[in-house]
Amino acid sequence: MSFYIQVEQQTQIIRDIIEYPYEGYQEVEIPTPLPIGINGGYYRWQDGQPVLDQALKDEVDKANKPIEYVELERRLAASEASYEQLASESNANQLALMELHMMLLGEMPDAE
């Protein structure tokens, strides 16, 4: 199907795509359905096809996240790090307790 796209010349990032001719847009043939987010700023026009640039998408998504979401991600990462530290300390404590138990068993006289 014929579409008209606006592409940044240096980066080849697709900025807009429409169904009618417009100044500054180039006509292209693209099969439908169009990829979701094709005009989101993270698709590049390469070899006559829209190509998802995942690194650019991640960058755009990160820049568009609400501040509350960014704060939640930060707190979640801190919580996961704290959990991992507690789990490591718990494992070390269990090992120490087992070693103490084994030492005590070795010191106890045999019951006859």
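What you see is a predicted model, and the numbers here were worked out from it, not measured in a lab.

Each value, and the rule that gives it
Residues numbered from 1 in each chain as written. Predicted model: local features only at pLDDT ≥ 70, side-chain atom pairs only at ≥ 80, totals over all residues. Heavy atoms only, no water. Pairing = 2+ DSSP bridges. Helix = DSSP H or I, 4+ residues; strand = E, 2+ residues; numbered from the N terminus. Axes fitted to C-alpha atoms, helices over the stretch in contact; angles between N-to-C directions. Core = buried A, V, L, I, M, F, W, Y, C linked by side-chain atoms within 4.5 Å. Buried < 20%, exposed > 50% of the residue type's maximum accessible area, 1.4 Å probe, protein only. Salt bridge = Lys/Arg side-chain N within 4 Å of Asp/Glu carboxyl O.

Pairing is antiparallel across the open sheet formed by three strands, whose spatial order is β2-β1-β3. Two strands lie at the open edges of the sheet, namely β2 (14-18) and β3 (26-29), each paired on one side alone. Looking at each pair of strands side by side, their axes are set apart by 40° on average, direction ignored. Bridge count for strand β1 (residues 2-7) against β2 is four bridges, and the pairing is antiparallel. The partner of Gln6 across the bridge, within β2, is Asp16.

Membership of the largest hydrophobic core comes to 14 residues, with the highest contact counts inside it found for Ile5, Ile14, Ile17, Val28, Ile30 and Trp45. Counting only elements with at least two residues in this core, the list comes to β1, β2, β4 (43-46) and α1 (54-63). By residue number, the principal contributor to this core is β1, which donates three residues.

Turning our eyes to something else, we now look at the pattern of salt bridges. Counted by the stated rule, this structure contains four salt bridges. Linking Lys57 and Asp61 is a salt bridge whose minimum nitrogen-to-oxygen distance equals 2.8 Å. Of this pair, Lys57 and Asp61 both sit in helix α1, four residues apart, which is roughly one turn of that helix. Note that Glu71 is salt-bridged to Arg74, the shortest N-O span being 2.6 Å. With Glu71 and Arg74 both in helix α2 (residues 67-107), this residue pair falls three residues apart, about one helical turn. Using a relative accessible area of 48% as the deciding quantity, one classes Arg74 as partly exposed.

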